[in-house]
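Okay, here's what each chain looks like letter by letter:
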Amino acid sequence: MKTPEPLQALIEDGLIDEVLRPLKSGKEASVYVVRAGDEVRCAKVYKDMAQRSFKQRVQYEEGRKLRGSRESRAVGRASKYGRRQQEAAWKNTEVDALYQLRDAGLRVPQPHGYFHGVLVMELVTDAEGFSAPRLGEVELDADQARAFHAILLRQVIGMLCCGLIHGDLSPYNVLVGPEGPVIIDFPQVVSAAGNNAARRMLLRDVNALTAFLGRSAPELLDTWYAEEIWELFERGELRPDTELAGDWRPDEREVDLDSVREAINDAREVALIRQQGREEAEAD
Ligand SMILES: Nc1ncnc2c1ncn2[C@@H]1O[C@H](COP(=O)(O)OP(=O)(O)OP(=O)(O)O)[C@@H](O)[C@H]1O
Ligand SMILES: [Mg+2]
């Protein structure tokens, strides 16, 4: 096929040899199947910030470290320079996360580098070598759904032990490879320690998977693993191989202080997002 413009520089630099076909164009990125030597890989080209929702991302970036104080201040002001920094940070976050998770032994696409704003990584395939389907597109029986749930929880725990929460986990950000599910799509990863919304995001991630897999194995719908995982994490007791008891239950007798606190944090986030939106409008 004709080489898409953002991939031209990678060919010129000899980082890839050929673009074979477009794989998928999502909200945030276009993914292509490419050839590098005799290996087939994929290349993720991020869309411009203008094509994505800038404001929605505020909450994800809380607690994320930027490289220097000039960068942090600029991002804080949402100036043009700040937005460029934020744009770069957004892309780098996915690359950094992939390397970090790979190094921790988690099952993520093997990264092959980040060049000219493009992430080159392993193409996850099915048993026949075709690009792997997404979890949301496959039919599972109850045993498979239970097995996938256990594997995915283990991955979520492993990520949390790295200090990270996916933040956008859904059956559409999980691919089904021959050895089981593979989590993808990390630009919005959340720092578990530095982000007020971390617990809620962990719950949302796990619940999204549980809701989907629970269609095939309904008993999963009555589980509270995310709450148990978060409790262990907060107590500093979570390890990649920690066995979950599965017996966590909400305490209905006590005033639910957590949800009060969450409501306050939600309100605070909305205010922050509005503020950033106003500053953005002023900067334009
Ligand atoms: N490493 C990979 N191997 C195989 N397929 C992949 C890989 N990475 C991405 N894809 C395919 O490309 C699609 C889009 O990738 P990704 O989810 O990373 O980007 P996105 O733009 O955030 O997508 P969306 O907005 O749809 O979530 C995935 O749903 C998947 O089908
Ligand atoms: Mg995606």
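It should be noted that the structure appears before, not after, this text.
What you are looking at is a predicted structure, and each value in this text was computed from that prediction instead of being measured.

Colleague: What should I look at first to understand the overall build of the protein chain in this one?
Modeller: Each helix and strand in the protein chain was counted, giving 8 helices and 9 strands. Looking at the protein chain as a whole, 30% of its 284 residues are labelled buried. Pairs at least 24 apart in sequence give 60% of the contacts found in the protein chain among residues at least 6 apart.

Colleague: For this particular structure, what's the right way to read the sheet that holds strand E5 (residues 118-122)?
Modeller: The strand order across the open sheet built from 5 strands is E1-E2-E3-E5-E4, with neighbouring strands paired in antiparallel fashion. In the strand order of this sheet, the two ends are held by strand E1 (18-25) and strand E4 (111-115), each with one partner. Strand after strand, the sheet turns through a mean of 25° between neighbouring axes, direction not considered. Relative to strand E2 (residues 29-36), E1 runs antiparallel, the two sharing 6 bridges. If you follow Pro 22 over to E2, its bridge partner there is Tyr 32. Across the face of the sheet, helix H4 (residues 80-103) comes into contact with strand E3 (39-46), E4 and E5 while running at roughly 155° to E4.

Colleague: Help me understand the site of ligand 1 in this model?
Modeller: Inspection of the region around ligand 1 gives 22 residues, with Gly 26, Lys 27, Glu 28, Pro 109 and Asp 185 positioned closest. Within the residue set of the shell around ligand 1, elements represented by two or more residues are E1, E2, E3 and E5. In terms of residue class, the shell around ligand 1 is made up of 12 nonpolar, 3 polar and 7 charged. Here the shell around ligand 1 spans two domains, since at least three of its residues come from each of domain 1 (1-122) and domain 2 (126-278).

Colleague: Mind showing me how you'd approach helix H5 (residues 142-161) here?
Modeller: Count 3.6 residues to each turn of an α-helix, and residues three or four apart come out pointing the same way. The end-to-end C-alpha separation of H5 is 29 Å, in line with the 28 Å expected for 20 residues at 1.5 Å each. Of the surrounding secondary structure, the elements contacted by the buried residues of H5 are H4, strand E6 (164-165), strand E7 (174-177), strand E8 (180-183), helix H6 (198-213) and helix H7 (225-234). Downstream of H5 by one or two residues, Gly 163 has phi in the positive range, about 85°.

Colleague: Help me out: how do you make sense of the nonpolar core in this one?
Modeller: Soluble globular proteins: nonpolar side chains tend toward being buried together. Judged by nonpolar contacts, the single largest core of 57 residues is most densely connected at Ala 43, Leu 160, Leu 164, Ile 165, Leu 202 and Ile 229. Residues from two domains meet in this core; each of domain 1 (1-122) and domain 2 (126-278) gives at least three. Residues within four places of Leu 164 in sequence aside, it is in contact with Ala 97, Met 159, Val 189, Val 190, Ser 191 and Ala 192.

Colleague: So what exactly am I meant to see when it comes to unusual backbone geometry here?
Modeller: The phi angle at His 116 is positive, at roughly 50°, despite the residue not being glycine. Within the secondary structure, His 116 is located in the loop between E4 and E5. A tally of 13 C-beta atoms within 10 Å means that His 116 is categorised as partly exposed. If you check the backbone angles, Asp 185 has positive phi at about 70° while not being a glycine.

Colleague: What am I meant to see in the packing of H5 against H7 here?
Modeller: Axes are the key here: two packed helices are described by the angle between their axes and the distance separating the axes. Interaxial distance between H5 and H7 falls to 11 Å at its minimum, and their mutual angle equals 25°. Relative to H7, the element H5 lies roughly parallel. Read as a crossing pair, H5 and H7 show a hand that is right-handed. On H7, the residues that touch Leu 153, Val 156, Ile 157 and Leu 160 of H5 are Tyr 225, Ile 229 and Phe 233.

Reading the values: rules and limits
Residues numbered from 1 in each chain as written. Chains lettered and ligands numbered in written order. Predicted model: local features only at pLDDT ≥ 70, side-chain atom pairs only at ≥ 80, totals over all residues. Helix = DSSP H or I, 4+ residues; strand = E, 2+ residues; numbered from the N terminus. Buried ≥ 20, exposed ≤ 12 C-beta atoms within 10 Å, placed from the backbone. Contact = placed C-beta atoms within 7 Å. Pairing = 2+ DSSP bridges. Axes fitted to C-alpha atoms, helices over the stretch in contact; angles between N-to-C directions. Near = placed C-beta within 6 Å. Nonpolar A, V, L, I, M, F, W, Y, C, P; charged D, E, K, R; others polar. Domains from an automatic or database assignment. Expected span 1.5 Å × (residues − 1). Core = buried A, V, L, I, M, F, W, Y, C linked by C-beta atoms within 7 Å. Parallel < 35°, antiparallel > 145°, perpendicular 65-115°, else oblique. Left-handed = near helix turned anticlockwise from the far one by under 90°.

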